[in-house]
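So you can see what is in the structure, the chains are spelled out below.
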There are 2 protein chains.
Amino acid sequence: MSRTAKDRQVTDSQTNTVLSPYCRARDVLDRVGDKWSVYVITLLGDGTKRFSELKRDIHVITQRMLTVTLRGLERDGFINRTVYPVYPARVEYSLTPLGASLLDTLRALLTWSIDHVDRVDEARQHYDDAEPTDR
Amino acid sequence: MSRTAKDRQVTDSQTNTVLSPYCRARDVLDRVGDKWSVYVITLLGDGTKRFSELKRDIHVITQRMLTVTLRGLERDGFINRTVYPVYPARVEYSLTPLGASLLDTLRALLTWSIDHVDRVDEARQHYDDAEPTDR
DNA sequence: CCGGATCCCTGTAGATACTG
DNA sequence: CAGTATCTACAGGGATCCGG
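Residues numbered from 1 in each chain as written. Chains lettered and ligands numbered in written order. Predicted model: local features only at pLDDT ≥ 70, side-chain atom pairs only at ≥ 80, totals over all residues. Heavy atoms only, no water.

A. Region of the structure containing the sheet that holds strand β1 (residues 49-50) of chain A. Residue and element names in this part refer to chain A. Taken in spatial order, the three strands of this open sheet run β1-β3-β2, and their pairing is antiparallel. Because the sheet does not close on itself, it has two edges, and the strands there are β1 and β2 (79-84). In this sheet, strand β3 (residues 90-95) lies alongside β2 in antiparallel orientation, the contact comprising six bridges. Following the sheet pairing, Thr82 is matched in β3 by Glu92. Set on the sheet, helix α3 (residues 37-44) makes contact with β1, β2 and β3; between it and β3 the angle comes to about 90°. (Pairing = 2+ DSSP bridges. Helix = DSSP H or I, 4+ residues; strand = E, 2+ residues; numbered from the N terminus. Contact = heavy atoms within 4.5 Å. Axes fitted to C-alpha atoms, helices over the stretch in contact; angles between N-to-C directions.)

Written as structure tokens, this is what we have:
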């Protein structure tokens, strides 16, 4: 469940055959969970982009958070980072095959989310409006 | 981008037609991102389960975290909570149609994750082992 | 005993701002 | 374009207490 390599190889003493692979899958799910990664991957699905282009496309993201996000995605092997030694500096990002593969899977979840967010919102309001004594 | 209803209806002043729906989709993606929700949904995919059954199946989860997770999923309309006024207390959880629908989409991502975690781990080690001077 | 609530503590994601 | 420092909010966890 943890992020460290050491904890990840925990032997599942309870002979739970499902939990263990799930724990490892969390490494990927955590990427999906963080605020900007999915969106950056989606944008790079349209092709190679510069740092400044991404910054402009998202526009509400902090410069710092874009850097952090890109570093993480590069580390996980989802994107390539190419630096052109020119002035002013030019850095381009693009999806790796692994990243493109993830994007394919992600699109399904993304469209599901967009299609059902309204229903989730309804459920939340219904839940929040209910008498606390009901529970 | 935020969790509050107020912030969610931010008017996209930059005429960015993609970012806005993505922000709303985050409400769903955040569920995927949190540590136990996906696993609980998966377990409930096999059918109705009691609190104690879920606790036993996951076994490394805290009683508190299971409660918190179930509350969140119930609030979002993904699961049903049924209390039987008996002794000892009996509470059963099951997927709603919405939850079952999400699970279908989730399975694809889950299998992708499990299939590619090794490649991600490789990428990470390669990245971490590289000379910091390379960047 | 079961299911949960409540208090408290910690790590860390994310933001702001400043630097080169 | 990026690195660094600092701050805050909150997710996650431990322990303990509570009502049926």
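After that view, the rundown keeps rolling.
B. Summary view of the interface of chain B and chain A. Chain B puts 56 residues into the contact, and the matching count from chain A is 56 residues. Between chain B and chain A, the buried area comes to about 5,200 Å², and carbon and sulfur atoms account for 65% of it. For the chain B face of the interface with chain A, the top three residues by lost area are B:Arg75, B:Trp112 and B:Arg124, together amounting to 14%. The tally of links from chain B across to chain A stands at ten salt bridges. Between B:Asp121 and A:Arg24 there is a salt bridge whose closest N-O contact spans 2.6 Å. Of all the elements in the fold, those that place two or more residues in the side of chain B that touches chain A are α2 (19-33), α3 (37-44), α4 (51-58), α5 (63-75) and α6 (97-129) of chain B. In terms of residue count, the dominant contributor to the side of chain B that touches chain A is α6(B) (21 residues). (Buried area = accessible area lost by both parts, 1.4 Å probe. Salt bridge = Lys/Arg side-chain N within 4 Å of Asp/Glu carboxyl O.)

C. Quick look at the protein's contact with DNA strand C. Around DNA strand C sit 19 residues in total, of which A:Lys35, B:Phe51, B:Ser52, B:Arg71 and B:Arg81 are the nearest. What you see for DNA strand C is that sugar and phosphate hold 70% of its atoms within 4 Å of the protein. Within the side chain of A:Lys35, a nitrogen or oxygen atom sits 2.6 Å from a phosphate oxygen of DNA strand C. Within the side chain of B:Gln63, a nitrogen or oxygen atom sits 3.2 Å from a base nitrogen of DNA strand C. Among the secondary structure elements, those contributing two or more residues to the surface near DNA strand C are α5 (63-75) of chain A together with α4, α5 and β3 (90-95) of chain B. (Near = heavy atom within 4 Å. Polar contact = N/O pair within 3.5 Å; in protein donor to acceptor, adjacent residues only side chain to side chain.)

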